[in-house]
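Topology and contacts: notes
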Amino acid sequence: MNTELNLKTLIVKKPLKLDCGKTINDFPIAYETYGTLNEKRDNAILVFHALTGDQFVTGLNPITNKDGWWSYAVGPDKAIDTNKYFVICSNVIGGCLGSFGPSHKDPNTQKVFGTNFPVITINDMVNAQNNLLDHFGIEKLFSIVGGSMGGMQVLQFISNFPDKAKTVIPIACTSSHSAQNIAFNELGRQAIAADSNWNEGDYNSKDTIPNKGLAVARMAAHITYLSKKGLQEKFGRKLQEREDLKFGFDADFQIESYLRYQGSVFVDRFDANSYLYITRAMDYFDLAKQFNGNLSDAFKETKAKFFIISFTSDWLYPTQENKDIVIALNAIGADVGFVEIESDKGHDSFLLDVPDFLSALKNFLDKSYTDN
């Protein structure tokens, strides 16, 4: 899926040893840039995308013909001001929009990898993306920023490369997945695997798509991105263009119709196997475990300035999990700021037009850049 498109792609020649033990080389990373890299090469911001995101952060996504996933935050005069900063974002490896993933062909067999693709981790993702800095000749990024899985990548990146970013902004994230989050991801994976079209991951050879399973996976996940209050205010028990119940299993309620729509449009833009691989990477993420249970040790080598952001109604990555990162940073005397933004939009708040969030992000970046 989407591997033959005309996308900006860096072919990484350097071998990358994955956490699973396999080594990849000559692999593609698809990326997009916004703004201009200045002469000193010190105005670059590396943005990391969330589970179903891609490299098209803002402007028009040429694949979906819709606005980029972070159009509210990134662009001229916005929080991440592309008049001032050079923004880089890549599709993660394991993804389906040009970077090396399960929808690519295995050079040895000339068959689509499918589930023969190696299992990847958040660590593998950021180690792959680090090659973009060499590509652009950037020694040190002004900032690294991302929400949700993007925030996990931010934490892993600064742990792996403590001298490669001046400021660090993890948003609505965690240092390890809770049992509840693993459970929701497993529900999605099992929905895909239960679709007869999945064919043990080899659906490309049958020219089919496990669209029903993938749609259900998206529906289940989408519920976790919202809040109870937000859903109630938007939908409540409103019926779907009808006067009364139909006494059947069609979408009687507006919320049912909304979720079905979310599932159906997702199938058009995302690869089912990529969904399996990326959710697995999120579940495997445990930064403290990498440092013998001491999260503080993950950050002890960096002098970067941190700004951690959470949202009041986010129950997927609740404020306490974000505060745990702050506590770990405080324990080693790191330069860290924290804000909890009031919002009833749930986990998705970081993707939406939440003025307090966008102004906090902009203020931190602009002040840090002035101090640069």
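Please refer to the structure placed before this passage.
Residues numbered from 1 in each chain as written. Predicted model: local features only at pLDDT ≥ 70, side-chain atom pairs only at ≥ 80, totals over all residues. Heavy atoms only, no water.

For the rest of this paragraph, the subject is the environment of Lys212. Assignment of secondary structure puts Lys212 in helix 5 (residues 211-225). Exposure remark for Lys212: the relative accessible area of 67% places this residue in the exposed category. Spatially, the C-alpha atoms of Lys212 and Thr58 are 29 Å apart, while their sequence positions differ by 154 residues. (Helix = DSSP H or I, 4+ residues; strand = E, 2+ residues; numbered from the N terminus. Buried < 20%, exposed > 50% of the residue type's maximum accessible area, 1.4 Å probe, protein only.)

What is expected of a backbone is that most residues other than glycine have negative phi and most peptide bonds are trans. The phi angle at Asn65 is positive, at roughly 60°, despite the residue not being glycine. Counting through the fold element by element, Asn65 comes out in the loop between strand 5 (44-48) and strand 6 (74-75).

Mapped onto the elements of the fold, Gly213 is located in helix 5. If we ignore the near neighbours within four places in the chain, the residues touching Gly213 are Ala191, Ile192 and Asp195. (Contact = heavy atoms within 4.5 Å.)

All told, the structure shown has 21 aromatic pairs when counted by the stated rule. The interplanar angle of 65° and the centroid separation of 5.9 Å between the aromatic rings of Phe184 and Trp315 together place this pair among those described as edge-to-face. With a gap of 131 residues between them, Phe184 in helix 4 (residues 179-194) and Trp315 in the loop between strand 11 (305-311) and helix 9 (319-330) connect regions that are remote in the sequence. By way of ring pairs, the aromatic residues Phe27, Phe100, Phe113, Phe117 and Tyr277 are connected into one cluster. In this structure, Arg218 is placed above the aromatic ring of Phe266, and the distance from its NZ or CZ to the ring centre is 4.7 Å. (Phe/Tyr/Trp six-rings, centres within 6.5 Å; stacked < 30°, edge-to-face > 60°. Lys NZ or Arg CZ within 6 Å of the ring centre and 35° of its normal.)

This next bit is on the packing of helix 4 against helix 5. Following both chains from N to C, one finds helix 4 and helix 5 inclined at 165°, their axes separated by 7 Å at the closest point. As the angle between them shows, helix 4 and helix 5 are arranged roughly antiparallel. Seen from above, helix 4 lies across helix 5 with right-handed handedness. Only Gly213, Leu214, Val216, Ala217, Ala220 and Thr224 of helix 5 make contact with helix 4, whose side of the interface consists of Phe184, Leu187, Gly188, Ala191 and Ile192. (Axes fitted to C-alpha atoms, helices over the stretch in contact; angles between N-to-C directions. Parallel < 35°, antiparallel > 145°, perpendicular 65-115°, else oblique. Left-handed = near helix turned anticlockwise from the far one by under 90°.)

Glancing now at the side chain of Thr224. Looking at where Thr224 falls in the secondary structure, it is placed in helix 5. One polar contact links the side chain of Thr224 to the main-chain carbonyl oxygen of Ala221, over a distance of 2.6 Å. Beyond its immediate stretch of four places on either side in the chain, Thr224 contacts Phe184, Trp315, Leu316 and His347. (Polar contact = N/O pair within 3.5 Å; in protein donor to acceptor, adjacent residues only side chain to side chain.)

Helix packing for two helices is described by the angle between their axes and how far apart those axes are. Following both chains from N to C, one finds helix 5 and helix 7 (residues 254-267) inclined at 125°, their axes separated by 8 Å at the closest point. Taken together, the axis directions place helix 5 and helix 7 in an arrangement best described as oblique. In the packing of helix 5 onto helix 7, the handedness of the crossing is right-handed. Facing helix 5, whose interface residues are Asn211, Leu214, Ala215, Arg218, Met219, His222 and Ile223, helix 7 presents Tyr258, Leu259, Arg260, Gln262, Gly263, Ser264, Phe266 and Val267. In terms of residue class, the contact of helix 5 with helix 7 is made up of 8 nonpolar, 5 polar and 2 charged. (Nonpolar A, V, L, I, M, F, W, Y, C, P; charged D, E, K, R; others polar.)

Moving on, we come to the pairing of strand 12 (residues 335-341). In this structure, strand 11 lies alongside strand 12, joined through 7 bridges in parallel fashion. The residue of strand 12 that forms the bridge with Phe311 is Ile341. Of the crossover connections in this fold, the one passing from strand 11 over helix 9 to the parallel strand 12 is right-handed. (Pairing = 2+ DSSP bridges. Right-handed = clockwise from strand over helix to strand, strands pointing away.)

Looking now at the nonpolar core. Core analysis: the largest hydrophobic core is formed by 75 residues, its most contacted members being Phe27, Met125, Leu141, Ile144, Phe157, Tyr275 and Phe299. With 7 residues, helix 8 (residues 272-284) is the largest single contributor of residues to this core. Not counting residues within four places of it along the chain, the set of residues in contact with Tyr275 comprises Leu51, Thr52, Ile192, Leu214, Ala217, Ala221, Phe266 and Phe270. Residues Ala30, Ala50, Ile309 and Leu358 belong to the second largest nonpolar core, which totals 35 residues. (Core = buried A, V, L, I, M, F, W, Y, C linked by side-chain atoms within 4.5 Å.)

Before going further, it helps to spend a moment on the sheet that holds strand 10 (residues 165-171). Spatially, 1-4-8-5-9-10-11-12 is the arrangement adopted by the 8 strands of the open sheet, whose pairing is mixed. The sheet is open, and its two edges are formed by strand 1 (9-12) and strand 12, each paired on a single side. Across the sheet, the mean angle from the axis of one strand to that of its neighbour is 20°, orientation sign disregarded. Packing of helix 10 (residues 355-370) onto the sheet brings it into contact with strand 5, strand 9 (141-147), strand 10, strand 11 and strand 12, and relative to strand 10 it is tilted by some 170°.

All right, on to helix 3 (residues 149-160) then. Relative to the 16 Å expected for 12 residues at 1.5 Å per residue, helix 3 spans 16 Å between its end C-alpha atoms, a close match to the ideal helical length. Most of helix 3 is tucked away: 11 of the 12 residues are buried. (Expected span 1.5 Å × (residues − 1).)

Scanning the entire structure with this criterion turns up 10 salt bridges. Here Lys8 makes a salt bridge to Glu32, at a shortest N to O gap of 2.7 Å. Within this pair, whereas Lys8 is found in the segment before strand 1, its partner Glu32 is found in strand 4 (residues 27-34), the two being separated by 24 residues in sequence. On the accessibility criterion, Lys8 (39% relative accessible area) is partly exposed. Asp366 is the partner of Lys84 in a salt bridge, and the nearest nitrogen-oxygen pair spans 3.3 Å. In this pair, Lys84 sits in the loop between strand 7 (80-81) and strand 8 (86-90) while Asp366 sits in helix 10, placing the two residues 282 residues apart along the sequence. Classification of Lys84 as partly exposed rests on a relative accessible area of 29%. Residue classification places Asp366 among the buried residues on the basis of a relative accessible area of 15%. Salt bridges linked by common partners bring Glu186, Arg189, Arg280 and Asp283 together as one network. (Salt bridge = Lys/Arg side-chain N within 4 Å of Asp/Glu carboxyl O.)

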